[in-house]
Amino acid sequence: MENTNTQTIPTLYEWAGGMPAFEKLFNNFYDKVLADPLLEPVFKHMSPEHRQHVAHFVAEVLGGPKMYSEEGGSHFGMIQKHLSKHLTEQHRKRWVELLLQTADELELPDDPEFRSAFVAYLEWGTRIAVINSNEEQIDGPQDIPMPQWGWGVPGGPYQG
Ligand code: HEM
């Protein structure tokens, strides 16, 4: 994207390449997950739609269309999926490592601005998933909004 200014700063979703980029990222990622000895037991019962649901969830958080919400998903619903899964820091680290490896293989933008924002979201989201996975139930409102993640301090993509 050329000549970005405050009016035309793309969302993280747009900068990453839009929905095809997210669907391919998570499709290839879950192939790696199922081939990984540490993560395979955690994910072996996931539904065929799992990879697409997670792609749509992350795309929506990063500023994309509200497909996950419109397909009946919610942040509360996503949290429920992690309850009692007893994930560990080792699981989390491997999940992040494989996702970033997939991002490199698919040549997602690797400018410092994009990657720092993307990694910040992944750190946040995966640490919350681990916390929730060690709970049996979550109290609180069911209509909590979907998170919205942006560029943070750099404010936009690399300008050269
Ligand atoms: C940013 C971080 C994460 C996001 C956005 C996320 C998102 C999701 C979503 C949307 C679902 C529901 C999928 C569906 O409806 O089919 C789900 C389920 C699940 N997630 Fe995560 N997740 C994250 C991190 C993790 C991590 C780090 C692990 C484990 C290492 C994990 C393990 C699982 C498991 C085991 C399920 C249930 C799978 C099943 O149905 O059998 N998640 N996640």
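What you see is a predicted model; the values in this text were computed from it and never measured. (Residues numbered from 1 in each chain as written. Predicted model: local features only at pLDDT ≥ 70, side-chain atom pairs only at ≥ 80, totals over all residues. Heavy atoms only, no water.)

Looking at the overall build of the chain
Logical step 1: Along the backbone of the chain there are eight helices and zero strands.
Logical step 2: Ordered by position from the N terminus, the helices and strands of the chain form the series α-α-α-α-α-α-α-α.
Logical step 3: In terms of overall dimensions, the chain is globule-like: its C-alpha atoms have a radius of gyration of 16 Å, near the 15 Å expected for 160 residues.
Logical step 4: Its C-alpha atoms put the chain at 50 × 35 × 25 Å along the principal axes.
Logical step 5: Each of the 160 residues in the chain was classed as buried or not, and the buried ones make up 41%.
Logical step 6: Once local pairs closer than 6 in sequence are excluded, the contacts in the chain between residues at least 24 apart make up 76%.
Logical step 7: Measuring between centres, the 12 positive side-chain charges of the chain sit 7 Å from its 23 negative side-chain charges. (Helix = DSSP H or I, 4+ residues; strand = E, 2+ residues; numbered from the N terminus. Rg over C-alpha atoms; globule rule 2.2 N^0.38 Å. Buried < 20%, exposed > 50% of the residue type's maximum accessible area, 1.4 Å probe, protein only. Contact = heavy atoms within 4.5 Å. Lys, Arg positive; Asp, Glu negative; His and termini not counted. Charge placed at Lys NZ, Arg CZ, Asp CG, Glu CD.)

Points about the UniProt feature "binding site: heme" (unreviewed entry) in the chain
Logical step 1: In the UniProt entry, the feature "binding site: heme" (unreviewed entry) is given for His53.
Logical step 2: Looking at the secondary structure, you find His53 in helix H4 (residues 50–61).
Logical step 3: When sequence neighbours within four positions are dropped, the list of residues in contact with His53 reads Tyr68 and Glu71. (UniProt positions renumbered as here; feature names shortened; annotations may be inferred.)

Brief notes about the nonpolar core
Logical step 1: Core analysis: the biggest nonpolar cluster contains 36 residues, and Phe22, Phe26, Tyr30, Leu62 and Trp95 have the highest contact counts within it.
Logical step 2: Elements supplying a minimum of two residues to this core: helix H1 (12–16), helix H2 (18–34), H4, helix H7 (89–105) and helix H8 (112–133).
Logical step 3: Broken down by element, this core gets its largest block of residues, seven residues, from H2.
Logical step 4: Sequence-distant contacts of Phe26, defined by excluding residues within four places in its chain, comprise Arg51, Val54, Ala55, Val58, Trp95 and Leu99. (Core = buried A, V, L, I, M, F, W, Y, C linked by side-chain atoms within 4.5 Å.)

Digging into the side chain of Asn132
Logical step 1: Position of Asn132 relative to the elements: it lies in helix H8.
Logical step 2: Each residue touching Asn132, except ones within four places of it in the same chain, is listed here: Ile79, His82, Leu83, Ser84 and Ile138.

What about the confidence of the model for the chain?
For residues with low pLDDT, the predicted coordinates do not support detailed interpretation.
Logical step 1: In this model, the chain carries a mean pLDDT of 94, and residues with pLDDT of at least 70 account for 96%.
Logical step 2: Here the prediction assigns the complex a pTM of 0.95, and the interface score ipTM is 0.97. (pLDDT = per-residue confidence, 0-100.)

Description of the pattern of salt bridges
Logical step 1: For the coordinates displayed, the defined rule picks out nine salt bridges.
Logical step 2: Among the salt bridges present, the one from Asp31 reaches Arg51, with a minimum N-O distance of 2.9 Å. With Asp31 in helix H2 and Arg51 in helix H4, this residue pair connects regions lying 20 residues apart in the sequence.
Logical step 3: For Arg92, the salt bridge is made with Glu89, and the minimal N-O distance between the two is 2.9 Å. Taken together, the residues span about one helical turn, with Arg92 and Glu89 both in helix H7 at a distance of three residues.
Logical step 4: On the basis of relative accessible area, Arg92 is assigned to the buried category, the value being 5%.
Logical step 5: Overall, Glu89 belongs to the partly exposed group, its relative accessible area being 28%. (Salt bridge = Lys/Arg side-chain N within 4 Å of Asp/Glu carboxyl O.)

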